[in-house]
Amino acid sequence: MKKQKKAADGTQAAKKPFSISNGLAIFLAILFVFFSIFGLIGFNIWRVLFNPQLVKQTLTQEVTQTQLVPSALELFSEGRAQQRVENSESLSGVTEPDIVLLLSFMKAEDWQEVRQLLVTDEFVVHLISTSVDGLYLWIDSEDEWPAINWDMRLLKERMVGQEGIDAVMVAYSKMPEATDEQIADFKHRLSQVPEGVEVLYNLAQFPDPWFDDQVADYVDALQDANDNIPADFDFSKEFGLGSSEQSMDPLVVKNILRIVRFAAIAFWVIALILLILILSLKVRSRNTLGRFVGIPMLIIGAIVVAIAIVGKWAIMSAVAGSLLSMTSDFARLEITNSVARLTALFFQPLLIQGAVVGAIGIILIVIMLIRRRRGRGASSELPKTTTGEA
């Protein structure tokens, strides 16, 4: 008879009307799903974006161990070459040798060679470390601009040394050889000015007796560019002086970063509080654990996994297709690979975390279903047992 009474109580409980506690639990579960999704996203933003050591390591690897920078500089060369042709700069020059025009002939492999000549790994590490440290200190300071100071002496020494000459020759060797028409054009322009007045060579390799003088012009132009580089480059001084002309106030950027950092931590803390509330207010059995925790966790995991997969695919498609549709295959490949590595820092852990949360939800739901099935089997056997005893 006791078993019959328990079965009857269970039936009455199943038919119990919707209660305020159930409504509150469902509302908390919905909030739990929302804040958990943004909590996982925010946690990974905080883990990647606000981790100075990880940022330093990642940027250093991308600059020193990949072809990312040469590929990006190849894009500059392509753009400058197109502008040079559109402005007819390939035939006649301006008032002085233009290093930028010379660079328009360079490809990624040439930029890589120049980088190895002028920009050492030691200098790259210094730039990245100083910049990252200054940026993160700036976020929590009251300064308008980050206190970033670059020591440019190592670069300047190489630009005026043999490395600078070798770098000029790398770029110079990529120009086509001068044609008879170009030589005639240069001679004509030279004859139109007084003796001793500088006349710019055409953008081509001139033979003797002009070869040495043409190379010297470009070396001098590189040294002039070097003279314009300060030994100590003060980021705040160089860029902060024109802050009133900037499209966005640096203090606005700082406040946005602060809000993002706070939200990245707050979302998952709120999600944890909501989970504790659900457990304390409603969960009294494996059945309610599956309903109010298991099902929400399965939803969270499924949505997070979808965001990780679709988000990375969308970024990669945009970079490989729309943004780089007009670049060379080599540049597209290198930049796409670099973006893939950078996005993996965020999306790969997010994918794993979503899968784990979803798996926990499935386990809790399975436990709930097994518990329900056992309960139904036990209740169906009660009348037979009672009849036998009678």
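Values in this document were obtained by computation on a predicted structure and should not be read as measured data. (Residues numbered from 1 in each chain as written. Predicted model: local features only at pLDDT ≥ 70, side-chain atom pairs only at ≥ 80, totals over all residues. Heavy atoms only, no water.)

Summing up its helical and strand segments, the chain has 15 helices and two strands in all. Sorting the 390 residues of the chain into buried and exposed places 37% on the buried side. Split by element, the accessible area of the chain, about 22,800 Å² in all, is 63% carbon and sulfur. (Helix = DSSP H or I, 4+ residues; strand = E, 2+ residues; numbered from the N terminus. Buried < 20%, exposed > 50% of the residue type's maximum accessible area, 1.4 Å probe, protein only. Areas by Shrake-Rupley, 256 points an atom, 1.4 Å probe, with all protein chains shown as cover.)

Let's shift gears to the packing of helix 2 (residues 20–49) against helix 13 (residues 250–281). Relative to each other, helix 2 and helix 13 sit at 150 degrees, their axes nearing to 7 Å. With respect to each other, helix 2 and helix 13 are oriented roughly antiparallel. Considering the relative orientation of helix 2 and helix 13, their crossing is left-handed. Here the residues of the contact of helix 2 with helix 13 sort into 23 nonpolar, three polar and one charged. (Axes fitted to C-alpha atoms, helices over the stretch in contact; angles between N-to-C directions. Parallel < 35°, antiparallel > 145°, perpendicular 65-115°, else oblique. Left-handed = near helix turned anticlockwise from the far one by under 90°. Nonpolar A, V, L, I, M, F, W, Y, C, P; charged D, E, K, R; others polar.)

Side chains of Leu24, Phe27, Trp46, Ile265, Trp268, Val269, Leu272, Ile273, Ile276, Leu277 and Leu281 sit close together on the surface and give an oily, nonpolar patch of about 970 Å² of accessible area. Of all the secondary structure elements, the ones that give two or more residues to the nonpolar patch are helix 2 and helix 13. Here Leu277 lies in helix 13. (Patch = residues over 30% accessible without salt bridge, like charges linked within 9 Å, V, L, I, M, F, W, Y side chains within 5 Å. Salt bridge = Lys/Arg side-chain N within 4 Å of Asp/Glu carboxyl O.)

All right, on to the packing of aromatic side chains then. Each aromatic ring pair is characterised by the separation of its centres together with the angle its planes make. Under the defined criterion, the tally for this structure stands at 13 aromatic pairs. Taking 5.2 Å as the distance between ring centres and 15 degrees as the angle between the ring planes, the aromatic pair formed by Trp150 and Phe233 counts as stacked. You can see Trp150 sitting in strand 1 (residues 149–151) and its partner Phe233 sitting in strand 2 (residues 232–234), a full 83 residues away along the chain. By relative accessible area, which is 14% here, Phe233 ends up buried. (Phe/Tyr/Trp six-rings, centres within 6.5 Å; stacked < 30°, edge-to-face > 60°.)

This paragraph deals with the environment of Gly361. Mapped onto the secondary structure, Gly361 falls in helix 15 (residues 329–389). In sequence terms Gly361 and Arg291 are 70 residues apart; their C-alpha atoms lie 9.7 Å from each other. When neighbours within four sequence positions are excluded, Gly361 is seen to be in contact with Gly294, Met297 and Leu298. (Contact = heavy atoms within 4.5 Å.)

Below, the discussion takes up the packing of helix 3 (residues 52–64) against helix 7 (residues 121–139). Between helix 3 and helix 7, the least distance of the axes is 10 Å, while the angle of their chain directions is 150 degrees. Here helix 7 runs roughly antiparallel to helix 3, going by the angle between their axes. For the crossing formed where helix 3 meets helix 7, the hand is right-handed. Across the interface between the two elements, Pro52, Val55, Lys56, Leu59, Thr60, Val63 and Thr64 of helix 3 pack against Asp121, Val124, Val125, Ile128, Ser129, Val132, Asp133 and Tyr136 of helix 7. The class makeup of the residues in the contact of helix 3 with helix 7 is nine nonpolar, three polar and three charged.

The pLDDT averaged across the chain works out to 80; a share of 78% of its residues lies at or above 70. Helix 1 (residues 2–14) is the least confidently modelled element of the chain, averaging 46 in pLDDT, while helix 2 averages 91, the highest of any element. Confidence over residues 1–15 falls short of pLDDT 50; this stretch has five contacts with residues more than four positions distant or in other chains. Scored below 50 in pLDDT, residues 89–96 makes 17 contacts in the model with residues more than four places away or belonging to other chains. (pLDDT = per-residue confidence, 0-100.)

Moving on, we get to a negative patch on the surface. A cluster of acidic residues, Glu198, Asp208, Asp212, Asp213, Asp220, Asp224 and Asp227, forms a negative patch on the protein surface. Positionally, Asp213 belongs in helix 11 (residues 211–227). (Lys, Arg positive; Asp, Glu negative; His and termini not counted. Charge placed at Lys NZ, Arg CZ, Asp CG, Glu CD.)

Once that is clear, we can look at unusual backbone geometry. Of note, the amide linkage connecting Asp208 to Pro209 takes the cis form, showing an omega dihedral of 10 degrees. Topologically, Pro209 is positioned in the loop between helix 10 (180–191) and helix 11.

Now for the layout of surface pockets. In this structure, the second largest pocket encloses a volume near 840 Å³. Of all the elements in the fold, those that place two or more residues in the lining of the second largest pocket are helix 4 (68–86), helix 5 (99–103), helix 6 (108–118), helix 7, helix 8 (153–159), helix 9 (162–172) and helix 11. (1 Å grid on protein atoms, 1.4 Å probe; cavity = no way out; pocket = protein on both sides within 12 Å on 5 of 7 lines; lining within 4 Å. Points joined across faces, edges and corners; volume = space filled by probe spheres on them.)

The end-to-end C-alpha separation of helix 10 is 16 Å, in line with the 16 Å expected for twelve residues at 1.5 Å each. Looking only at helix 10, the buried set comprises Gln182, Ile183, Phe186 and Arg189. On an axial view of helix 10, the arc spanned by its buried residues comes to 130 degrees, and they lie on one face. Exposed and facing more than 90 degrees away from the buried side of helix 10 are Asp180, Glu181 and Ser191. (Expected span 1.5 Å × (residues − 1). Arc of directions from axis to C-beta.)

This part covers the pattern of salt bridges. Following the criterion strictly, the structure yields nine salt bridges and no others. Residue Asp133 pairs with Lys56 through a salt bridge whose shortest N-O separation is 2.7 Å. You can see Asp133 sitting in helix 7 and its partner Lys56 sitting in helix 3, a full 77 residues away along the chain. Among the residues examined, Lys56 registers a relative accessible area of 16% and is labelled buried.

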